[in-house]
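The primary structure of each chain is shown beneath.
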Amino acid sequence: MSELRREPVLRRWVAISTSPSKGKKETCPFCPGSEGATPPETFVLRETGSRENGPGWWVRVVPNQYPLFRLEGGLGKRAEGMYDMMNNFGAHEVVIETPEHQQTWPEMELGQLERILQAYCQRSLSLRGDNRFRQILITKHHWGPKHHWDPTLEHLLHHPHSHIVAMPFIPARIEDEIRGVLEYQQRKERCIYCDIISQELRAQKRVILETDHFLTFAPYASRYPYETWVIPKSHFPDFAMLSGSQVTDLSQALKAIYTKMQKAFEEAMISMVLHTTPLQEFYREEYHWHIELRARLARPMGFEWGTGFFINYVAPEEAASVLRDIQ
Ligand SMILES: [Zn+2]
Ligand SMILES: [Zn+2]
Ligand SMILES: [Zn+2]
């Protein structure tokens, strides 16, 4: 079963997604030679002369076999008594980032990271062709070399991959950010993210890394230890409009921060989410796209879970100084 239900008090959509046990797979469906084990590719970068849905690719995007969102059935918005629900309408694709079964971003050549970013952009552009989608989200989980495998995540595949999801609603987190952006814009007629960037560049205390086009820093009120943002230094609302030179520059920034974080926390899982403007009539010129990174360390999170109020035991200035020093 897979459907979206709205929590009636906070009015937030929740995906209820139960699928039959996926079981343990003998061979990796993402390795070259197993292309038949996935749905046909929606985007690929491959060697000239190599055949569609066969080996010879560098980066491959395919629909997820166990999608959180699917295209069949339409929105199907309906009520169940006082509750609102709809079908889990949307698209859920997987970017298979490399033919190598075990290769992390710190180990990849820059050219390979550029291909991954190109795949993100191209799919973001194609998926917005369906005007029922309001938001595209890109996420990735990276496991450090000494991560203790969580048994509840047994069904996840190790082969490096990321997720691209196109959703029929704007997630609460992005809605909240847009509210903050618009409120600041109204008061000051400036972009709040642009102002944060210039203040951080002046102060330097929380800057981890600066490239031609991107700033990597620990936000002033980081919610999580070693929370890190990667943000274009100039104002851009839409990730998918990334230029060629920005792709090259962003691949350098990402490789560097992943290398630093992996060296700092060999046991952590690093989670990445890309926040960009919503689509269609919800497109916001005022929004400033960015990437948020978080090292998930084994640490109970009871207070945050119960209150939405965060306690962070590592000062962002300290986090930035540690990450800055790791080469
Ligand atoms: Zn594999
Ligand atoms: Zn801005
Ligand atoms: Zn954000």
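A. Structural context of the pattern of salt bridges. Applying the stated criterion across every chain, the model contains 19 salt bridges. Across the pair Arg12 and Asp176 runs a salt bridge, and its minimum N-O distance is 3.4 Å. Of this pair, Arg12 sits in strand β2 (residues 12–17) while Asp176 sits in helix α2 (residues 172–188), and the two are 164 residues apart along the sequence. Accessibility expressed as a relative area gives 33% for Asp176, which makes it partly exposed.

B. Examining the coordination of the zinc ion (ligand 1) more closely. Here the zinc ion (ligand 1) is held by the protein donor atoms Cys28 (SG), Cys31 (SG), His101 (ND1) and His159 (ND1), which lie 2.0 to 2.3 Å from it. One can describe the site at the zinc ion (ligand 1) as tetrahedral: its 4 donor atoms subtend angles covering 106 to 119° at the metal.

C. How the structure looks around the coordination of the zinc ion (ligand 2). Each protein donor to the zinc ion (ligand 2) is listed here as Cys191 (SG), Cys194 (SG), His235 (ND1) and His288 (ND1); together their distances run 2.0 to 2.3 Å. Geometry at the zinc ion (ligand 2) is tetrahedral, judged from the 4 donor atoms that bind it and their angles of 106 to 113° at the metal. In the primary sequence, the donor residues of the zinc ion (ligand 2) line up as C-x2-C-x40-H-x52-H. You can see Cys191 sitting in the loop between α2 and α3 (192–203) and its partner His235 sitting in the loop between β12 (228–232) and α4 (244–264), a full 44 residues away along the chain. Take His235: its relative accessible area is 31%, and that puts it in the partly exposed class.

D. Expanded view of the environment of Ile326. Structurally, the position occupied by Ile326 is in the segment after α6 (316–325). Its relative accessible area of 18% is what places Ile326 among the buried residues. Taking C-alpha positions, Ile326 is 8.6 Å from Met261, a pair spaced 65 residues apart along the chain. Contact partners of Ile326, with chain neighbours within four places excluded, come to Lys260, Lys263 and Ala264.

Rules of the game
Residues numbered from 1 in each chain as written. Chains lettered and ligands numbered in written order. Predicted model: local features only at pLDDT ≥ 70, side-chain atom pairs only at ≥ 80, totals over all residues. Heavy atoms only, no water. Salt bridge = Lys/Arg side-chain N within 4 Å of Asp/Glu carboxyl O. Helix = DSSP H or I, 4+ residues; strand = E, 2+ residues; numbered from the N terminus. Buried < 20%, exposed > 50% of the residue type's maximum accessible area, 1.4 Å probe, protein only. Donors = N, O, S within 2.8 Å, 3.2 Å for Na, K, Ca; no water. Tetrahedral: all angles 85-135°; square planar, octahedral: opposite > 155°, others 65-115°. Contact = heavy atoms within 4.5 Å.

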